[in-house]
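Spelled out, the chains give:
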Amino acid sequence: MNPILVALDVASAREALAMADALRGTVGGYKVGSQLFTAEGPDIVRALTMRGDKVFLDLKFHDIPNTVAGAIASASRLGAWMMNVHAAGGPAMMAAAKAAADTAAAGGHARPVVIAVTVLTSMDEATLRAVGVDTSPLEQVVHLARMAQDAGLDGVVASPLETAAIRAACGPDFLIVTPGIRGGAAGDAKNDQSRTMTPDEAMRAGASYLVVGRPITAAAEPRVAAGEIAAAASIED
Ligand code: C5P
């Protein structure tokens, strides 16, 4: 499928649906995060899935295993295609998330893709130390990615600069969803992103999907920008 997932980082369903309607057919799916979900609730996910869109529900669940399992079950019933948890919740929490996804599939829903957030890219070495982690961010990312894989999850979210190390550690079938896409077909505006790669660099580094927000949503012609970014990302292996 088209690897571009567009981050619908807007405050209202009206804006989100207008953007999704404008881009449909040029991208692979849409990411609904905590800003939009908290404003509009599950109806925004239903509205998109009813239009046939694939929705990555980016709510980063992190709780006791029983609660996370319930959240994954609810997200599956909602029709979300992809959803995520924090790997820092540990192996039992991730295993519970995987089991809930399997149960949803057995109950007649599509098997959702469940991925893990490793280390937030806003956390540097000093921040990790402040929360009691003494390894480098990259080592911690690879450690948590392996833990997610061992727990049976389908993949991770990772910054472009972490992608190659995770691909090497976790093999070809593990999904890597990569934000921080700038430059090349994604245009030169960095916004608040610092460690970035172009769409084709990120795919060559091993990304499975690219999360792209403002290079598409803030473009003068979002549909044209999406088409160019998707074309650049469609590299042959
Ligand atoms: O507009 P932009 O392309 O920067 O949007 C990137 C999206 O990916 C945003 O929704 C942002 O929250 C998300 N994201 C990120 N970096 C991470 C994890 C998620 O930019 N490490």
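Computed from a predicted structure; not experimentally measured.

## Observations regarding the site of the ligand
By nearness alone, every residue bordering the ligand is listed as Ala7, Asp9, Lys31, Thr121, Pro179, Arg182, Gln193, Val211, Val212, Gly213, Arg214 and Pro215. In the environment of the ligand, an oxygen atom lies 2.8 Å from a nitrogen or oxygen atom belonging to the side chain of Arg182. In the model, an oxygen atom of the ligand is placed 2.8 Å from a nitrogen or oxygen of the Gly213 main chain. Within the residue set of the shell around the ligand, elements represented by two or more residues are β8 (209–212) and α10 (214–217).

## Focus: the nonpolar core
Counting 69 residues, the largest nonpolar core has Ile4, Ile72, Val85 and Met94 as the members making the most contacts within it. The residues touching Ile4, leaving out its near neighbours within four places in the chain, are Val27, Gly28, Gly29, Leu210, Val212, Ile216, Ile229, Ala230 and Ala233. Counting 13 residues, the second largest nonpolar core, distinct from the first, contains Leu5, Val177, Tyr209 and Val211.

## Focus on the packing of helix α1 (residues 13–23) against helix α3 (residues 43–50)
Direction vectors running N to C along α1 and α3 enclose 20 degrees, while the axes themselves pass 11 Å from each other. Of the possible angle classes, the one that applies to α1 and α3 is roughly parallel. Two packed elements cross with a definite hand, and for α1 against α3 that hand is right-handed. Contacts from Ala13, Ala16, Leu17 and Ala20 in α1 reach Ile44, Ala47 and Leu48 in α3. Of the residues that constitute the contact of α1 with α3, the class distribution is 7 nonpolar, no polar and no charged.

## Some points on α3
By the burial criterion, the buried members of α3 are Ile44, Val45, Ala47 and Leu48. Around the axis of α3, the buried residues are gathered within 160 degrees of arc, so they sit on the same side. Opposite the buried face of α3, at more than 90 degrees from it, the exposed residues are Asp43 and Met50. Along its buried surface, α3 packs onto α1, β2 (29–33), α2 (34–40), β3 (55–61) and α4 (65–78). Just downstream of α3, Gly52 is the residue with a positive phi angle, here 90 degrees.

## Structural notes on the packing of aromatic side chains
Enumeration according to the criterion identifies 1 aromatic pair in this entry. Taken together, a centroid distance of 5.4 Å and an interplanar angle of 85 degrees make the contact between Trp81 and Tyr209 edge-to-face. Of this pair, Trp81 sits in the loop between α4 and β4 (82–86) while Tyr209 sits in strand β8; the two residues are 128 residues apart in sequence, bridging distant segments of the chain. Residues Trp81 and Tyr209 agree in their burial class; the two are buried.

## Some details on unusual backbone geometry
Within the chain, Lys60 stands out as a residue other than glycine whose phi angle is a positive 45 degrees. With respect to the helices and strands, the residue Lys60 is situated in strand β3. Classification of Lys60 by relative accessible area gives partly exposed; the value is 29%. Phi at Asn191 takes a positive value of approximately 55 degrees, unusual for a residue other than glycine. Relative to the helices and strands, Asn191 is located in the loop between β7 (175–178) and α9 (199–204).

About the cut-offs
Residues numbered from 1 in each chain as written. Predicted model: local features only at pLDDT ≥ 70, side-chain atom pairs only at ≥ 80, totals over all residues. Heavy atoms only, no water. Near = heavy atom within 4 Å. Polar contact = N/O pair within 3.5 Å; in protein donor to acceptor, adjacent residues only side chain to side chain. Helix = DSSP H or I, 4+ residues; strand = E, 2+ residues; numbered from the N terminus. Core = buried A, V, L, I, M, F, W, Y, C linked by side-chain atoms within 4.5 Å. Buried < 20%, exposed > 50% of the residue type's maximum accessible area, 1.4 Å probe, protein only. Contact = heavy atoms within 4.5 Å. Axes fitted to C-alpha atoms, helices over the stretch in contact; angles between N-to-C directions. Parallel < 35°, antiparallel > 145°, perpendicular 65-115°, else oblique. Left-handed = near helix turned anticlockwise from the far one by under 90°. Nonpolar A, V, L, I, M, F, W, Y, C, P; charged D, E, K, R; others polar. Arc of directions from axis to C-beta. Phe/Tyr/Trp six-rings, centres within 6.5 Å; stacked < 30°, edge-to-face > 60°.

That is the geometry; function is a separate question.
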